[in-house]
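Architecture and fold: a report
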2 protein chains.
Amino acid sequence: MAYNILVAHGGGPTAVINSSLCGLIRAAKESGQVGKIFAARYGAEGILKNDLIELSNAPEKMIALLMNTPASAIGSCRRKLSEADFPAVMDCLKKNDIRAFFYNGGNDSMDTCSKINQLSLKEGLDIRVIGIPKTIDNDLNITDHSPGYGSAARYAAISSAELALDAAALPIHVVVMELMGRNAGWITAASAMASRLTNCNQLVYLPEVTVDMDKMLADIENMYAEGKGLLVTVSEGLRAQNGKMLGDTGIVDGFGHSVPGGTAAYISKQVMARLNIKSRAEKPGLLGRTSMPYISPVDREEAYRVGRSAFDYANAGLSGVMVAIRADRQGAYKSEMFPVKLSEVANVERKFPLEWISGGRIQDEFFEYVTPLMGGNLPAYCDFKVF
Amino acid sequence: MAYNILVAHGGGPTAVINSSLCGLIRAAKESGQVGKIFAARYGAEGILKNDLIELSNAPEKMIALLMNTPASAIGSCRRKLSEADFPAVMDCLKKNDIRAFFYNGGNDSMDTCSKINQLSLKEGLDIRVIGIPKTIDNDLNITDHSPGYGSAARYAAISSAELALDAAALPIHVVVMELMGRNAGWITAASAMASRLTNCNQLVYLPEVTVDMDKMLADIENMYAEGKGLLVTVSEGLRAQNGKMLGDTGIVDGFGHSVPGGTAAYISKQVMARLNIKSRAEKPGLLGRTSMPYISPVDREEAYRVGRSAFDYANAGLSGVMVAIRADRQGAYKSEMFPVKLSEVANVERKFPLEWISGGRIQDEFFEYVTPLMGGNLPAYCDFKVF
């Protein structure tokens, strides 16, 4: 007998969250076992207000376009569901006769997902609850990596190489670029690829190491003095040795996390004021998660498969699990999906391995880890040995 | 008899300046009439120091990579040549037996180019001097557009559409993006394509119209109140009604122009302080001129042909001219090159036509002008009518 399903997105979008949605919808349709496919408008907000849209009859042309559409085609939100919200959530699931609920998000969303699963069990409802991983920050536990990260890493790597070339070609300033990733250096570490793709000067600062500003400025001054320009890539979440963020927007998001930002601008001003060297601060910001021309084809394809697996797990009777990715880097890169208990990923923040940045430099292990996720075909540039 | 040529780059790089270099080198080699192909390291700086590199024997594989390499593969500078520098320039040309000199740049560089041509004529030297146009700011006179602009416009258009989708999917803030272009709105106007490619809310501010901050904030407040998020794209060169730039880095470049920047951050702070609405400021900055994944294929191909034409003009005996582009937008877009006197383009700034922004909105005439330059295949996005 056909059953209804509901999908919702939580937290910040990525370049490939819609690819997971595409995989989920396709698998549901192909199964022949699904009645209505609902999506919650703006994530948890839509569930609470019973504001759903039906995707069952969306034309295949629209479904296919999901693979090329960044952000979230069904909307998302940063609202963290509290105990007080759960009755409304249950109402929505019951009212629409939902038998499988899919929540696409990061740590916080997996926590929400886990709680909804427990509540369904407690109330004796026949609802399968499946988490779909998504975060550019790559901080979900157990899974080798999260969909969205590969594309954000590719963005960081290639855009850094391009900025490094610009800074080298016209070495009139120190270019400082700020990258996303909150308290984790996963994205900023990928920017270090710039000095592997080019022969340009680069310094990279990850949030895992607090900043000694005098030392940073001395390093910048020395490297810039070589006369071939300099790109400095910094994580938005950099902290001074007193624990204070270098850049802080003063905003606190719906999950209670303070929103970082302005780190590059801060450093750039220090370079000008204290070193008397011209400096530009660049902050592509959300472009780092929403840019499609820099998308990793591997990331997109995995996101699609993760979405398909989510449906397959539910359809096979699994519940209370998230789809995780197991990667095989021996020989040509390949990956497979496997289920992991939501309770094992909810609210656990996977840190960037400190041994990958031992001795002040990013180790080869990291590049071996990240390169296949960026999807191959990294650019080769003309090098006349001018710089 | 084989003759030597010299090429130099001036001013800020673009995504396609190296494509013009590629076209020039290929045409020179194919002619069979060129001895040595020299490039000045870091533009005028290299000429003054007689610091040249020889590209005649660069492997074809390197030459081909120029088409995929942003920034300048031979380096550039912002040094404006003065009268006092001309003896050293002439020395360099004579010493290396240069019979054709190619200078790739914008307004200021065309002025330099024009002066070198006059000096060569005065000294009775047999040197052809050809200008190759290049500027993302699109402010060169007579030519329909300048190589570099199409790619910068494509970057502005697509990255704005992507940010608009992100802002609409998670409508928790007003996203303000700053775009380059100094005092001309050519690039920022292209960002208005976002509301044609998507169904998202967007406001666009060009530097040709001074900003009434109260009015701007009221417009932002009203549009954000629709609940579907908001992208505001602003030119770095926006000015208040008192003529002061909203964002000003305080830097003055080598040509005496003050370097704008920080406009988006300024507006974003005003939105938070005065409207109590969360806001993010994004500033891709130099990525807007150096990003290759967003490159316009039409721009790249034209840049290549402009480089070829530059050599052909010199080889045919022309001098004191810049290669200009004549565009035909009737039917399928096509373009052809023609020579224009350097004196007609030197130091003349072509303004954004004010009739294209009459009535406070960007007119269709602008989009008809810019769309073919962006190189086609603009993205189509999934639209479930959520926003």
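Analysis parameters
Residues numbered from 1 in each chain as written. Chains lettered and ligands numbered in written order. Predicted model: local features only at pLDDT ≥ 70, side-chain atom pairs only at ≥ 80, totals over all residues. Least-squares fit on C-alpha atoms with pLDDT ≥ 70 in both. Contact = placed C-beta atoms within 7 Å. Helix = DSSP H or I, 4+ residues; strand = E, 2+ residues; numbered from the N terminus. Buried ≥ 20, exposed ≤ 12 C-beta atoms within 10 Å, placed from the backbone. Pairing = 2+ DSSP bridges. Axes fitted to C-alpha atoms, helices over the stretch in contact; angles between N-to-C directions. Domains from an automatic or database assignment. Nonpolar A, V, L, I, M, F, W, Y, C, P; charged D, E, K, R; others polar.

**A word on the relation of the copies chain B and chain A**
Overlay of chain B on chain A (RMSD 0.0 Å): rotation 180°, translation along the axis 0.0 Å. Put plainly, the chains are arranged around a two-fold axis. Identified as the residue of chain B closest to the rotation axis by C-alpha distance is B:P284, at 2.0 Å. When the interface residues of chain B are mapped onto chain A, 100% of them are again interface residues, pointing to one common binding face.

**Let's talk about unusual backbone geometry**
All names here are of chain A. Positive phi outside glycine occurs at N50, with the angle close to 50°. In this fold, N50 is placed in the loop between α2 (44–48) and β3 (52–54). With 15 C-beta atoms packed within 10 Å, N50 lands in the partly exposed category. In this structure, I142 is a non-glycine residue whose phi angle is positive, near 70°. Of note, I142 is situated in the loop between β5 (128–133) and α6 (149–169).

**Brief notes about the sheet that holds strand β4 (residues 98–105) of chain A**
Residue and element names in this part refer to chain A. Spatially, the seven strands line up as an open sheet ordered β3-β2-β1-β4-β5-β12-β13, and their pairing is mixed. Either end of the sheet is taken by a strand with one partner, and the two such strands are β3 and β13 (334–341). Each strand of the sheet is rotated relative to its neighbour by a mean of 30°, with strand direction disregarded. Bridging between strand β1 (residues 3–9) and β4 involves six bridges; their strand directions are parallel. The partner of V7 across the bridge, within β4, is F102. The strands that helix α1 (residues 17–31) touches are β1, β2 (34–40), β4 and β5; relative to β2, the one it contacts most, it runs at about 165°.

**Some remarks on the pairing of β5(A)**
All names here are of chain A. For β5, the buried fraction is high: six of the six residues fall into the buried class. Because side chains alternate across β5, one face comprises the buried residues R128, I130 and I132, and the other comprises V129, G131 and P133, equally buried. In this structure, β4 lies alongside β5, joined through six bridges in parallel fashion. Each residue of the ladder has a partner; that of N104, found in β5, is I132. Direction of pairing for β5 relative to strand β12 (residues 321–328): parallel, over a ladder of two bridges. Counted as the bridge partner of I130 is V321 from β12.

**Concerning the domain arrangement of chain A**
Residue and element names in this part refer to chain A. The domain boundaries assigned to chain A delineate domain 1 (3–135 + 295–345) and domain 2 (149–293 + 352–374). Centre-to-centre, using C-alpha coordinates, domain 1 lies 32 Å away from domain 2. Counting residues at the interface gives 19 residues for domain 1 and 15 residues for domain 2. Split into classes, the residues belonging to the side of domain 1 that touches domain 2 amount to eight nonpolar, five polar and six charged.

**Let's talk about the interface of chain B and chain A**
Taken together, the 52 residues of chain B in the interface contact 52 residues of chain A. Per-element tally for the side of chain B that touches chain A: the top contributor is helix α6 (residues 149–169) of chain B, with seven residues. Taken together, the residues of the side of chain B that touches chain A break down into 33 nonpolar, 11 polar and eight charged.

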